[in-house]
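# A look at the structure
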Amino acid sequence: MSPAQIALLPGDGIGPEVTAAARRVLEQIGATSGLELELEEALIGGAATDAAGDSLPAETLELCRRCDAVFLGAVGGPRWANLEGAQSPEQGLLRLRRELGLFANLRPVPVFPALIPAAPIKPELLEGVDILVVRELTGGIYFGPRQEADAEGQATDTMVYSASEVERIAHVAFRAAAGRRARVTSVDKANVLATSRLWRATVDKVALEYQDIELQHLYVDACAMQILRSPAEFDVILTGNLFGDILSDEASMLAGSLGVLPSASMAEGTFGMFEPVHGSAPDLAGQGVANPLGAILSAAMLLRHSLDLEAEALAVEAAVAATLDEGLTTPDLATSGSGGATTSELTDAIIARID
Ligand code: IPM
Ligand code: MG
């Protein structure tokens, strides 16, 4: 078997620190499973703007296209906040998603029992919570025609969805639900938006192919409320690009910290990009205290979704849970009497528990 090729894009802020943690976990899996991995790093985000004047250099894109999967740390920071176009770190990430056809963003919200005290939600509401947000990632208002403010002080963004874009992401959600609790909640704003009415009708049509899956529609405002009122009711949340961005940050609070959330952004087939949901946290960068769990759990998703290594993915996830059960965490998750571990101490502890 030829080696699995993985592009590592550390990016900005704490991105390089958490990418190093993910790399060590992947190398450990390589060593214990006999799987040959080729890991190659490239520039993205502000780091690429500084070095090459472009937040997504052509070499980076070419490397990603050659690989089986991409791991990304984080992009952005105050130094690049006012740059536009090719120099903007966020635009580099959006171009990468679009160029690689990564339309299906999977954002699981894992609720580890050890982290329930760290969540700003009543513990009794968190029992049994296990949500997967399936967010459409290459369409909607993120990519529709845009007009910056003109002389009259008017600016425009446009939300565009086609039935085929809705269909393919709906299939992803229904297939995911089939391996879980068989519930899909499709989230839109169909009482106002035309794209949402198309969304709803298209999801209803796709649902006919999945008779064993229960489908519910919710308006996005009601969903935002329900995620806090009874989060355990949700299984798969299927939604568009903008609503998914907002709801996944909201749902992350159920997990105790944005720092523990992983994500996968999949193209058709097994190619995907894997990144922690958290940002570049410039205030924490360089201190060695960034939470590596989102990155390590993203590496587990890479093993599962791009390399078909389910047992290895489960081993990483179990090692994370076992480490948390022992009370080891980084400062962002500190509760009384715990929380002093550094990024590399927490990573060491997890690696020691992977068997
Ligand atoms: C995310 C981020 C990005 C998004 C930003 C950095 C462009 O918030 O991945 O959720 O809005 O998609
Ligand atoms: Mg976001």
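Conventions we followed
- Residues numbered from 1 in each chain as written.
- Chains lettered and ligands numbered in written order.
- Predicted model: local features only at pLDDT ≥ 70, side-chain atom pairs only at ≥ 80, totals over all residues.
- Heavy atoms only, no water.
- Helix = DSSP H or I, 4+ residues; strand = E, 2+ residues; numbered from the N terminus.
- Rg over C-alpha atoms; globule rule 2.2 N^0.38 Å.
- Buried < 20%, exposed > 50% of the residue type's maximum accessible area, 1.4 Å probe, protein only.
- Pairing = 2+ DSSP bridges.
- Axes fitted to C-alpha atoms, helices over the stretch in contact; angles between N-to-C directions.
- Contact = heavy atoms within 4.5 Å.
- Near = heavy atom within 4 Å.
- Polar contact = N/O pair within 3.5 Å; in protein donor to acceptor, adjacent residues only side chain to side chain.
- Nonpolar A, V, L, I, M, F, W, Y, C, P; charged D, E, K, R; others polar.
- Expected span 1.5 Å × (residues − 1).
- Phe/Tyr/Trp six-rings, centres within 6.5 Å; stacked < 30°, edge-to-face > 60°.
- Lys NZ or Arg CZ within 6 Å of the ring centre and 35° of its normal.
- Salt bridge = Lys/Arg side-chain N within 4 Å of Asp/Glu carboxyl O.
- Lys, Arg positive; Asp, Glu negative; His and termini not counted.

Across its full length, the chain carries 12 helices and 12 strands. Taken against the 2.2 N^0.38 rule, which gives 20 Å for 355 residues, the C-alpha radius of gyration of the chain at 20 Å falls within 12% of a compact globule. Seen through its principal axes, the chain has C-alpha atoms that stretch 50 × 50 × 45 Å. Each of the 355 residues in the chain was classed as buried or not, and the buried ones make up 53%.

All right, on to the sheet that holds strand 5 (residues 131-136) then. Pairing is mixed in the open sheet, where 10 strands are placed in the order 2-1-3-12-11-4-5-10-8-9. Looking at strand neighbours, the two that pair on one side only are strand 2 (37-41) and strand 9 (214-219), the edges of this open sheet. Each adjacent strand pair in this sheet contributes to an overall mean axis angle of 20°, direction not counted. Direction of pairing for strand 5 relative to strand 10 (residues 236-239): parallel, over a ladder of 4 bridges. Bridged to Val-134 within strand 10 is Leu-238. Contacting strand 1 (4-11), strand 2 and strand 3 (69-74), helix 3 (residues 58-66) runs over the sheet at an angle of about 145° to strand 1. Packing of helix 6 (residues 163-178) onto the sheet brings it into contact with strand 4 (104-109), strand 5, strand 8 (183-188), strand 9 and strand 10, and relative to strand 5 it is tilted by some 165°.

Another aspect to go through is the site of ligand 1. Neighbouring ligand 1 are the residues Glu-90, Arg-97, Arg-107, Arg-135, Tyr-142 and Asp-245. Taking Arg-97, its side chain carries an N or O atom lying 2.7 Å from an oxygen atom of ligand 1. In this structure, Arg-107 approaches ligand 1 through a side-chain N or O atom, which is 2.8 Å from an oxygen atom. Considered class by class, the residues forming the shell around ligand 1 number 1 nonpolar, no polar and 5 charged.

Here we take up helix 9 (residues 241-252). For helix 9, spanning 12 residues, the distance from its first C-alpha to its last is 16 Å, which sits close to the expected 16 Å at 1.5 Å a residue. Taken residue by residue, helix 9 has Asn-241, Phe-243, Gly-244, Leu-247, Ser-248, Glu-250, Ala-251 and Ser-252 as its buried positions. Buried-residue contacts for helix 9 involve strand 4, strand 5, strand 8, helix 7 (194-207), helix 8 (220-229) and strand 10.

It is worth spelling out unusual backbone geometry at this point. For Ala-281, which is not glycine, the phi torsion reads 35° and is therefore positive. Here Ala-281 shows up in the loop between strand 12 (272-274) and helix 10 (293-305).

Attention now moves to the packing of aromatic side chains. All chains considered together, the criterion is met by 2 aromatic pairs. Note on Phe-174 and Tyr-210: the rings are 5.0 Å apart at their centroids and 10° apart in plane angle, and the pair reads as stacked. One end of the pair, Phe-174, is in helix 6; the other, Tyr-210, is in the loop between helix 7 and strand 9, and 36 residues separate them in sequence. Given a relative accessible area of 17%, Tyr-210 falls into the buried group. Positioned above the aromatic ring of Tyr-142 is the side chain of Arg-135, whose terminal nitrogen or guanidinium carbon lies 5.3 Å from the ring centre.

Quick look at the pattern of salt bridges now. Applying the stated criterion to the full structure yields 18 salt bridges. Of the charged contacts, one joins Asp-348 and Arg-24 as a salt bridge, the two residues approaching to 2.6 Å between their closest N and O atoms. Here the residue Asp-348 occupies a position in helix 12 (residues 343-352), and Arg-24 occupies one in helix 1 (residues 15-33), the gap between them amounting to 324 residues. The class for Arg-24 is partly exposed, based on a relative accessible area of 33%. The closest approach of N and O atoms between Asp-54 and Arg-95, which form a salt bridge, is 3.0 Å. Of this pair, Asp-54 sits in the loop between helix 2 (46-52) and helix 3 while Arg-95 sits in helix 4 (residues 89-99); the two residues are 41 residues apart in sequence, bridging distant segments of the chain. Asp-54 sits in the partly exposed class, given a relative accessible area of 21%. Overlapping salt bridges bring together Arg-23, Glu-27 and Glu-41 as one network.

Let us look at the side chain of Glu-250. If you trace the backbone, Glu-250 turns up in helix 9. No salt bridge is formed by the buried Glu-250; the nearest opposite charge belongs to Arg-229, separated by 11 Å. Once residues lying within four places of it in the same chain are set aside, the contact partners of Glu-250 are Ala-224, Ile-227 and Leu-228.

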